[in-house]
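Analysis of the macromolecular model
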Amino acid sequence: MVQDWNLLSDDLQLALSREALRRAADTIAEQAEVLAAEMEMGGLIDRGGPDALRLLANVVRINGEGSLSAAGHA
């Protein structure tokens, strides 16, 4: 197991960084969906939040698809 980030190749650093960003975006989107559902069930006060949270979830997912794609040439 490599214990120093700088010992990894640039390509591997890039791949790991992109995967981490993808997972973070997925987590944010999922949490937005959970909060929206909680508001709809009455667990939290609804002030238009579910629609806004779903919009946030979709924006995170859409932006993540394009910007986190693989770089380089095949």
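Predicted model only: the values in this text are computed from it and were never measured.

Rules used in this analysis
- Residue numbering note: each chain is counted from 1, following its sequence as written.
- Local features in this predicted model are restricted to residues whose pLDDT is 70 or higher, and side-chain atom pairs enter the listing and the counts only when it is 80 or higher, whereas totals over whole chains, interfaces and linings include all residues.
- Excluding hydrogens and water, the side-chain figures rest on all heavy atoms present in the structure.
- We define a nonpolar core as any set of buried Ala, Val, Leu, Ile, Met, Phe, Trp, Tyr and Cys residues linked to one another through side-chain atoms lying within 4.5 Å.
- In this scheme, a residue with accessible area under 20% of its type's maximum is buried, one over 50% is exposed, and one in between is partly exposed, where area comes from a 1.4 Å probe on protein chains only.
- Note on conventions: DSSP H or I runs of at least 4 residues are helices, E runs of at least 2 residues are strands, and numbering of each starts at the N terminus.
- Contacts are assigned to residue pairs that have any heavy atoms within 4.5 Å of one another.
- Salt bridges are defined as contacts in which a side-chain nitrogen from Lys or Arg sits within 4 Å of a carboxyl oxygen from Asp or Glu.
- The length a helix should cover is 1.5 Å for every residue beyond the first.

The next subject is the nonpolar core. Counting residues in hydrophobic clusters, the biggest one holds six residues: Ala29, Ala32, Ala36, Met39, Leu53 and Ala57. The set of elements that each furnish at least two residues to this core consists of α1 (10–40) and α2 (49–67). Residue contributions to this core peak at four residues, all from α1. If we skip the residues at most four places from it in the chain, alanine 36 touches Pro50, Leu53 and Arg54.

Attention now goes to the pattern of salt bridges. Where charged atoms of side chains with opposite charge meet at close range, the side chains can pair. Overall, the coordinates contain five salt bridges when judged by the stated rule. In this structure, glutamate 19 and arginine 23 form a salt bridge, with 2.8 Å as the shortest nitrogen-oxygen distance. Of this pair, glutamate 19 and arginine 23 both sit in helix α1, four residues apart, roughly one helical turn. For glutamate 19, a relative accessible area of 28% gives the class partly exposed. Linking arginine 54 and glutamate 40 is a salt bridge whose minimum nitrogen-to-oxygen distance equals 3.1 Å. In this pair, arginine 54 is assigned in helix α2 and glutamate 40 in helix α1, connecting sequence segments 14 residues apart.

In a regular helix each residue adds 1.5 Å, so 31 residues correspond to 45 Å; α1 covers 45 Å between its end C-alpha atoms and thus fits that length. Looking only at α1, the buried set comprises Gln13, Ala25, Ala29, Ala32, Ala36 and Met39. Remark: glycine 42 follows α1 within two positions and exhibits a positive phi of approximately 90°.

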